Amino acid sequence: MTSSSAPSRKIASNRLQKELVEWQVNPPAGFKHKVTDNLQRWIIEVNGAPGTLYANETFELQVDFPEHYPMEAPQVIFLPPAPLHPHIYSNGHICLDILYDSWSPAMTVSSVCISILSMLSSSTVKQRPADNDRYVKNCRNGRSPKETRWWFHDDKV
């Protein structure tokens, strides 16, 4: 560890502890943090909102926090089985601008979760992205979704 990364890790750790306490006091509706012993990786249960295509369905998100969080976005993926959605690939990768180009350090895990639930809730069809097979094939060997050059072209779903 270099001397410059120690302060970043301290900032990330402090921020995560603060967010975890806030989550425990005021969790976002439809989500449950599954307690683990790893502050850098959160597993979050997502319950589909009533009255949507995903009502009564439960999914799991894995949120991995980088060393430079909150200056750098966390990596957020769905664990298998990922919901069928036009912006969610079968490997769990999520095409959502706030997870990449539009990330802001003011965002929190709660705000990311609410955005993901909103994306799910607004969908009118349960289907994979048109390029799912090609994308998933190119992501073999553990490629991170943060290494993808996303094209955000459809904000209707």
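Use the structure listed above.
Residues numbered from 1 in each chain as written. Predicted model: local features only at pLDDT ≥ 70, side-chain atom pairs only at ≥ 80, totals over all residues. Heavy atoms only, no water.

1. Quick look at the packing of aromatic side chains
What describes a pair of aromatic rings is the distance from one ring centre to the other and the angle between the planes of the rings. What counts here: Between the rings of Phe, Tyr and Trp (Trp by its six-membered ring), a pair exists once the centres lie within 6.5 Å; its type follows the angle of the planes, with under 30 degrees stacked, over 60 edge-to-face, and the other angles tilted. Secondary structure elements are defined from DSSP: runs of H or I of at least 4 residues count as helices, runs of E of at least 2 residues count as strands, and each element is numbered from the N terminus. Relative accessibility decides the category of a residue: with a 1.4 Å probe and only protein chains considered, values under 20% of the type maximum give buried, values over 50% give exposed, and everything between is partly exposed.
By the definition in use, this model includes seven aromatic pairs. For the pair Trp23 and Trp42, a centre-to-centre distance of 6.1 Å together with 90° between the ring planes defines the contact as edge-to-face. Note that Trp23 is positioned in helix H1 (residues 5–25) and Trp42 in strand E2 (residues 41–47), a separation of 19 residues in sequence. Comparing Trp23 with Trp42, the two get one shared label, buried. Pairing Phe65 with Tyr69 gives two aromatic rings, centres 4.9 Å apart and planes at 70°, and the pair type is edge-to-face. For the pair formed by Phe65 and Tyr69, the shared burial category is buried. These aromatic residues form a ring-pair network of at least three members: Trp23, Trp42, Phe65, Tyr69 and Trp103.

2. Examining the nonpolar core
Across soluble globular proteins, nonpolar side chains have a tendency to be buried as a group. So the rule is basically this: Among the buried residues, those of types Ala, Val, Leu, Ile, Met, Phe, Trp, Tyr and Cys that are joined through side-chain atoms within 4.5 Å form a nonpolar core. We call two residues in contact whenever any of their non-hydrogen atoms come within 4.5 Å of each other.
Residues Trp42, Ile44, Leu61, Phe78 and Ile94 are the most contacted members of the largest nonpolar core, which totals 34 residues. Going through the elements one at a time, H1, E2, strand E3 (58–64), strand E4 (75–78) and helix H2 (109–121) are the ones with two or more residues in this core. Counting residues per element, this core draws most heavily on H2, which supplies seven residues. For Ile44, the residues in contact, after removing those within four places along its chain, are Trp23, Phe31, Lys32, Phe59, Glu60, Leu61, Val63, Val109 and Cys113.

3. Quick notes on the pattern of salt bridges
Counted only if it meets this: A pair is scored as a salt bridge if a Lys or Arg side-chain nitrogen falls within 4 Å of a carboxyl oxygen belonging to Asp or Glu.
Counting across every chain of the model gives five salt bridges. Of the charged contacts in the structure, one is a salt bridge between Arg15 and Glu19, with a shortest N-O distance of 2.7 Å. Taken together, the residues Arg15 and Glu19, both in helix H1 and four residues apart, mark about one turn of the helix. The exposure classification of Arg15 matches that of Glu19, with both residues buried. A salt bridge links Asp131 to Arg134; its shortest N-O distance comes to 3.4 Å. The class of Asp131 is partly exposed, set by a relative accessible area of 25%. Looking at Arg134, the relative accessible area reads 53%, which means it is exposed.

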